[in-house]
Amino acid sequence: MLSCLSAPAWAACPVADDLANGIRLMADDGAVETYRKIAPHMVELTVTYDDDFADRSLLGQGVYILELSELYNGKPEPDTTLIYTYPVAADAMPVPAPGVVWRTRALVGGSDEEKITASWGQPQQMTFGACSYTVIPGELVYAGADYREVEGLHYLPELGFAYLASVTSDDDEYVDEYVILSITAVGPDE
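Now for a quick tour of the structure. Here the structure is a predicted model, which is why all the values come from computation and not from measurement. (Residues numbered from 1 in each chain as written. Predicted model: local features only at pLDDT ≥ 70, side-chain atom pairs only at ≥ 80, totals over all residues. Heavy atoms only, no water.)

Let's shift gears to the layout of surface pockets. Put simply, the largest pocket is a space of about 620 Å³. L45, S57, I65, E151 and L164 are, among the 28 residues lining the largest pocket, the residues nearest its centre. Ranked by residues supplied to the lining of the largest pocket, first place goes to strand β13 (residues 161-169) with four residues. (1 Å grid on protein atoms, 1.4 Å probe; cavity = no way out; pocket = protein on both sides within 12 Å on 5 of 7 lines; lining within 4 Å. Points joined across faces, edges and corners; volume = space filled by probe spheres on them. Helix = DSSP H or I, 4+ residues; strand = E, 2+ residues; numbered from the N terminus.)

Shown next, in the form of structure tokens:
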């Protein structure tokens with residue numbers, strides 16, 4: 001009984017308040033995704049792959065890409081930074097909910113325009129290791145002058161962010177799928 005009481009508080013399944021320190025997702029391909037709330041309506045995502053490559057994204061409402069950079073020694077590499085400029089601020093972007101569809105455009109890298117359509121389905125319950133969460137499946141479609149890419153997302157309303165579940169594009173014959181094995185809170189000293 002005493003050993004249960006002395007376990008760290010962050011050992012339980014994460015909740016939205018844990019975004020202040022970070023919430024870590026472990027994928028079946030060895031990738032480690034860490035989500036942190038860095039401002040109202042904005043989440044930072046850092047992904048470290050099993051080959052030590054890493055990248056960082058800033059996500060409006062924990063979903064929509066605002067900025068993407070490769071990381072070098074833990075710092076964004078300026079030459080790789082790609083900025084998405086939307087007609088609305090992050091706080092005006094829609095929070096995913098069942099049946100919500102958002103059509104918008106973004107200026108990417110200051111010159112290329114993309115049409116973006118986000119659509120969200122019906123909630124379902126999913127288990128990640130020892131934790132179970134409601135998931136709202138969604139799809140983000142990015143369409144440029146000569147390409148179309150579809151990202152399958154799983155939005156976790158209890159945590160306030162979405163993770164990438166699949167990717168396909170017009171020039172691919174198959175879908176890349178990503179499976180999350182566990183979700184844990186980042187400890188206060190990490």
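That was the structure; now back to the text.
Before going further, it helps to examine a nonpolar patch on the surface. Residues M26, V179 and L181 make up a contiguous nonpolar surface patch of about 240 Å² in total accessible area. Examined against the element boundaries, V179 turns out to sit in the loop between β14 (176-177) and β15 (180-185). Under the relative-accessibility criterion, V179 is labelled partly exposed at 41%. (Patch = residues over 30% accessible without salt bridge, like charges linked within 9 Å, V, L, I, M, F, W, Y side chains within 5 Å. Areas by Shrake-Rupley, 256 points an atom, 1.4 Å probe, with all protein chains shown as cover. Salt bridge = Lys/Arg side-chain N within 4 Å of Asp/Glu carboxyl O. Buried < 20%, exposed > 50% of the residue type's maximum accessible area, 1.4 Å probe, protein only.)

Evaluated as defined, the whole model comprises eight aromatic pairs. Measuring from centroid to centroid gives 6.0 Å for F128 and Y163, while their planes differ by 85°, and the two rings are edge-to-face. With a gap of 35 residues between them, F128 in strand β10 (residues 124-128) and Y163 in strand β13 connect regions that are remote in the sequence. Here F128 matches Y163 in class, with each residue buried. (Phe/Tyr/Trp six-rings, centres within 6.5 Å; stacked < 30°, edge-to-face > 60°.)

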